[in-house]
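Listed here are the chains, written in short residue letters.
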Amino acid sequence: MGKLNVQKLKETLKYLESKQRELKRQDQNDVRSLESMIKYLKKDMMEQHNLSEHHQLIKQEIKDTESFIENVKNIIKINS
């Protein structure tokens with residue numbers, strides 16, 4: 001298992017969380033671009049940090065951003 005770049009993961013997580021909050025605040029009119037950005041961010045985090053090495057079920061839960069965020073927080077806690 002490769003060493004996790006916790007610092008970089010934390011920064012990306014912060015960014016993801018801010019986008020998620022933004023999405024929740026948005027009116028229904030234009031959430032598509034935000035949603036696709038969030039989707040891309042999660043996929044990118046998965047690949048860059050090999051998150052499935054650190055959390056068995058994270059791939060199945062990737063669609064649910066809230067769960068994904070919680071899982072990443074746990075991964076960071078364990079690896080800090």
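Residues numbered from 1 in each chain as written. Predicted model: local features only at pLDDT ≥ 70, side-chain atom pairs only at ≥ 80, totals over all residues. Heavy atoms only, no water.

Another aspect to go through is the confidence of the model for the protein chain. Taken over all residues, the pLDDT of the protein chain has a mean of 91, while the share at 70 or more is 95%. Averaged over each element, pLDDT in the protein chain is lowest for helix α3 (residues 51-54) (92) and highest for helix α4 (residues 65-79) (95). (pLDDT = per-residue confidence, 0-100. Helix = DSSP H or I, 4+ residues; strand = E, 2+ residues; numbered from the N terminus.)

To continue, consider the packing of helix α1 (residues 6-25) against helix α2 (residues 32-48). Relative to each other, α1 and α2 sit at 160 degrees, their axes nearing to 10 Å. Viewed along their axes, α1 and α2 adopt a mutual orientation that is roughly antiparallel. In the crossing of α1 with α2, the sense of the turn from one axis to the other is left-handed. Of the residues in α2, those in contact with K8, L9, T12, L13, Y15, L16, K19, Q20, E22 and L23 of α1 are L34, E35, M37, I38, L41, K42, M45 and Q48. The class makeup of the residues in the contact of α1 with α2 is ten nonpolar, three polar and five charged. (Axes fitted to C-alpha atoms, helices over the stretch in contact; angles between N-to-C directions. Parallel < 35°, antiparallel > 145°, perpendicular 65-115°, else oblique. Left-handed = near helix turned anticlockwise from the far one by under 90°. Contact = heavy atoms within 4.5 Å. Nonpolar A, V, L, I, M, F, W, Y, C, P; charged D, E, K, R; others polar.)

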